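Chain by chain, the residues run as shown.
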Amino acid sequence: MQLDTNQGKLRNTQYIFEETPARGKAETTYFDGPKHSRHIKATFTTCKPGNDDWMVHASRLRVDKDTGRGVASNAWIEFKGVPFFYTPWISFATDKRRQSGFLAPNFAMSSAMGFGFSMPYYWNIAPNYDLTLFPRYSSMHGLILGTEFRYMEPNYHGYFMGQIIPSDKPKSVTSSNVDQTNKVQLPKTRGFASFVDDRALLSNVSSNVKLNYVTDNRYFADMWNTMYRHDFINRAYLTSSATLNYGQSFGDNYVYSQLFAANYQLLVDNLPAASKPYRYAPMWTFGFSRPLGIAGGTFTLANELTNFDHDARPLIQRANIKPTISFPWKESWGFLMPKLSLQQTKYWINNSVAQTPAPSSAAASRTTPIFSVDSGLQFDRETDWFGKSYVQTLEPRLFYLYVPYTNQDNIINITSALYDFNFQSLFRENRFTGLDRMGDANQASAALTTRMVDQATGREKMRLSLGKMIEFTNPKVVLVKTEGLSPALQAYYASTNTYMASRNDFIADATVSVTDHIKLSPLVLWNYTKNYADRFQATVHYNAGNNRLLNLGYRYRRNLVDNSDVSWSWPVTDEWSVVGRWQYAWQAKTTLESFVGVQKETCCWKFSVVAREYMTGVALAGGGTVTDSKAQSPMAQGVFLSLELKGFANIGDSVNDFYVRSIPGFEGDDDKVRTP
């Protein structure tokens, strides 16, 4: 051994990689300098000394500390003394740096994909750019090629991802889950592409671009309803959009502007073209706010100009102007905010290309004043509760809203829908979303909230809220006129035109930390005249740390929803744990999703197996509900295996992210960096 040059030869050596950390042995080791070595008949593992649960054996192993890479030839992986994977060549990281190279293979079995095998390749192009290739084989679809390119700069970041099946196996499917007679032949070449870009163009100007395309309506149901629930699952439309934002303060004045464009790709065969959403081509929102200089008042002006485009519905232009004057007043013990707005909306309608004509008038308009007063008080006192010091608050709140009735029957509905009724609905100025419907109102809402706050930690131990909306006149504005429609359509639109809550409902909302580990969150809308609940939901969360979790949930809406949701993660021993989830629709008497998994984790490896049954999303996207029969909601099954050799490779479908998404409170691995 030449110590001055760090070159030499040693026999029966043991070595370690400090950063990984990992260790190994070799029959012979050659040192070619301070950062380069070669090992003959070598082993490699991240298990602690005395534990050889898994081991990589290699005829030759070269280590380059300059690049942080190890390259093994004629190598095989041994788990619990059993060899299970051989490769003539393998490259792996010996430190925490991102490295180019093949990732561990993935194996999966599901009814949607059949048997699946993937061998990804990761290319670390630069510190701020990387590319991953996902060649994949499916017994039901053949060869699948996928890629993901990511980039990040100080002022912008984004990604491109795509997938293509060059020659899918011929398959025909029904175009509707109700009508089983109409067959649709899927294309031979299938695929999907997505591009996302966020950037700050200037200090006060930013942009966002999201572009998506898929070759056919069944692609996501076939390709992504496995362990990886993608953003596009269970959607009737695929959205592409672009946004340009501007915002600037000039002293106490603020100016803003946004330019927005969007297009929608229909993903359901049985929906008519007219049901596709309008394209924003484009929408321009702009406005400003400034102090009035009188009694702390503020003046705001919100404007919108939108061009709506469609292939089968009228072409529409919409303009909206909404000036507002408010006089907010706030102290530590209360607040008062009177506000007056005038909303004017005008439409220009071109029926020349419409398959489904709009109301006969070529123009329509609506001018609506909106007056509201929001007020509240806050009282607090110090108190003791179960031996601890707390601050208890009492917060009464009173809200009044007046919006005169304006006939809107001749105004087409493009973007409006009814808000979901919850505690915050007591204080909204409009019960409808969007600009196409302005709800008439002469109502007051009264609410009372009390909180218990731990004086030592500042943590909110309990929050209880009770509220009631009092309508002095019956609302008249609806989303859709039902006069002249069939009884079935009238019944269908009844739930979209009115709240699920009635004027006789009290709403109660609460969050209670029963202990440091148990949290209870109920909500109820109680009809006191008929003595039943229009809506009830409750969740119980138990979290004792270290993924000791139990979640119980129940959702009920009269004549609409009756679902339960149970999920858990529990260590049975120091190494073994079980996980699972069961979502069930009691009204439909069908399981929406269920899975159960077993996991064993040690210091240097983790093994997981998960069996899952789930809806493919085709029926739900096609307008199905939980009241449909199970035959109309296609189910798929899958079994997924994962073996993670810590610090080296993950073989099979990684289940960690799936657990994080599916089990509330589940804590995943901290290290999310993809390395081979």
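Concerning the environment of Ala-242
Looking at the element boundaries, Ala-242 is found in strand β18 (residues 237-250). Judged by relative accessible area, which is 32%, Ala-242 ranks as partly exposed. Sequence-wise, Ala-242 and Asp-197 are 45 residues apart; in three dimensions their C-alpha atoms are separated by 9.4 Å.

Thoughts on the pairing of strand β5 (residues 69-79)
Along any regular strand, the residues point their side chains to alternate faces of the sheet. Pairing analysis gives ten bridges linking strand β4 (residues 54-64) to β5, with the strands arranged antiparallel. If you follow Val-56 over to β5, its bridge partner there is Ile-77. Counting the residues in the hairpin turn of β4 and β5 gives four residues, including Gly-68, whose phi is positive at 70 degrees. Two successive antiparallel strands, β5 and strand β6 (residues 82-93), enclose a turn made up of two residues, where Lys-80 displays a positive phi of approximately 55 degrees.

Description of the nonpolar core
Counting residues in hydrophobic clusters, the biggest one holds 26 residues, and the most contacted among them are Phe-44, Trp-54, Leu-645 and Phe-648. Residue assignment for this core shows that the elements contributing at least two residues are β1 (7-17), β2 (22-33), β3 (36-44), β4, β5, β6, β38 (635-645) and β39 (649-652). For this core, the element with the most residues is β4, which contributes five residues. Phe-423, Met-438, Ala-447 and Ile-507 belong to the second-largest nonpolar core, a separate cluster that totals 15 residues.

Brief notes about the side chain of Ser-445
If you trace the backbone, Ser-445 turns up in strand β28 (residues 441-454). Judged by relative accessible area, which is 0%, Ser-445 ranks as buried. A distance of 2.7 Å separates a polar side-chain atom of Ser-445 from the backbone oxygen of Leu-426. Apart from residues lying up to four places away in sequence, Ser-445 is in contact with Arg-397, Leu-398, Phe-399, Leu-426, Phe-427, Lys-468 and Met-469.

Description of the side chain of Glu-395
Here Glu-395 lies in strand β27 (residues 388-403). We classify Glu-395 as buried; its relative accessible area is 15%. One polar contact links Glu-395 to Thr-393, side chain to side chain, over a distance of 2.8 Å. In contact with Glu-395, not counting residues within four places along its chain, are Leu-377, Gln-378, Ala-447, Leu-448, Thr-449 and Arg-451.

Some thoughts on the sheet that holds β1
Strand order in this open sheet of six strands is β1-β2-β3-β4-β5-β6, and the pairing throughout is antiparallel. Since the sheet does not close on itself, it has two edges, and those belong to β1 and β6, each with one partner. With direction set aside, neighbouring strand axes in the sheet form an average angle of 20 degrees. The sheet contact formed by β2 and β3 spans six bridges and is antiparallel.

A look at the pattern of salt bridges
In this structure the tally under the stated criterion is 29 salt bridges. Among the ionic pairs, Arg-463 bridges to Asp-509, the shortest N-O distance being 4.0 Å. In this pair, Arg-463 is assigned in strand β29 (residues 460-471) and Asp-509 in strand β30 (residues 505-513), connecting sequence segments 46 residues apart. Note on accessibility: Arg-463 and Asp-509 belong to one class, buried.

Description of the environment of Val-56
Structurally, the position occupied by Val-56 is in strand β4. Counting along the chain gives ten residues from Val-56 to Thr-46, while the straight-line C-alpha distance between them is 9.9 Å. For Val-56, the residues in contact, after removing those within four places along its chain, are Ala-42, Thr-43, Phe-44, Ala-75, Trp-76, Ile-77 and Phe-648.

Thoughts on a nonpolar patch on the surface
A surface patch of nonpolar side chains, amounting to about 670 Å² of accessible area, comprises Trp-329, Trp-333, Leu-336, Leu-377, Phe-379, Leu-394 and Leu-448. As for its placement among the helices and strands, Trp-333 is situated in the loop between β23 (329-331) and β24 (334-350). Residue classification places Trp-333 among the partly exposed residues on the basis of a relative accessible area of 46%.

Structural notes on the state of the cysteines
Here the structure, examined in full by the defined rule, presents one disulfide. For Cys-47, the disulfide goes to Cys-604, at an S-S distance of 2.0 Å. The sign of the S-S torsion, about 70 degrees, decides the handedness of the disulfide formed by Cys-47 and Cys-604: right-handed. Of this pair, Cys-47 sits in the loop between β3 and β4 while Cys-604 sits in the loop between β36 (590-601) and β37 (605-615); the two residues are 557 residues apart in sequence, bridging distant segments of the chain.

Brief notes about the environment of Gly-597
Looking at where Gly-597 falls in the secondary structure, it is placed in strand β36. With residues near it in sequence (within four places) discarded, Gly-597 still touches Ser-577, Val-578, Val-579, Val-609, Val-610 and Tyr-659.

Overview of the packing of aromatic side chains
If you walk through the whole model with that rule in mind, you get 35 aromatic pairs. The interplanar angle of 45 degrees and the centroid separation of 6.3 Å between the aromatic rings of Phe-536 and Tyr-554 together place this pair among those described as tilted. Placement of Phe-536 in strand β32 (residues 532-543) and of Tyr-554 in strand β33 (residues 549-557) is noted, with a sequence separation of 18 residues between them. Judged by its relative accessible area of 30%, Tyr-554 falls in the partly exposed class. Ring-pair connections join several aromatic residues into one group, and the members of that group are Tyr-15, Phe-17, Phe-44, Trp-54, Phe-92 and Phe-648. Above the face of the Tyr-405 ring, Lys-476 is positioned so that its terminal group lies 5.1 Å from the ring centre.

Definitions and cut-offs
Residues numbered from 1 in each chain as written. Predicted model: local features only at pLDDT ≥ 70, side-chain atom pairs only at ≥ 80, totals over all residues. Heavy atoms only, no water. Helix = DSSP H or I, 4+ residues; strand = E, 2+ residues; numbered from the N terminus. Buried < 20%, exposed > 50% of the residue type's maximum accessible area, 1.4 Å probe, protein only. Pairing = 2+ DSSP bridges. Core = buried A, V, L, I, M, F, W, Y, C linked by side-chain atoms within 4.5 Å. Polar contact = N/O pair within 3.5 Å; in protein donor to acceptor, adjacent residues only side chain to side chain. Contact = heavy atoms within 4.5 Å. Axes fitted to C-alpha atoms, helices over the stretch in contact; angles between N-to-C directions. Salt bridge = Lys/Arg side-chain N within 4 Å of Asp/Glu carboxyl O. Patch = residues over 30% accessible without salt bridge, like charges linked within 9 Å, V, L, I, M, F, W, Y side chains within 5 Å. Areas by Shrake-Rupley, 256 points an atom, 1.4 Å probe, with all protein chains shown as cover. Disulfide = S-S within 2.5 Å. Phe/Tyr/Trp six-rings, centres within 6.5 Å; stacked < 30°, edge-to-face > 60°. Lys NZ or Arg CZ within 6 Å of the ring centre and 35° of its normal.

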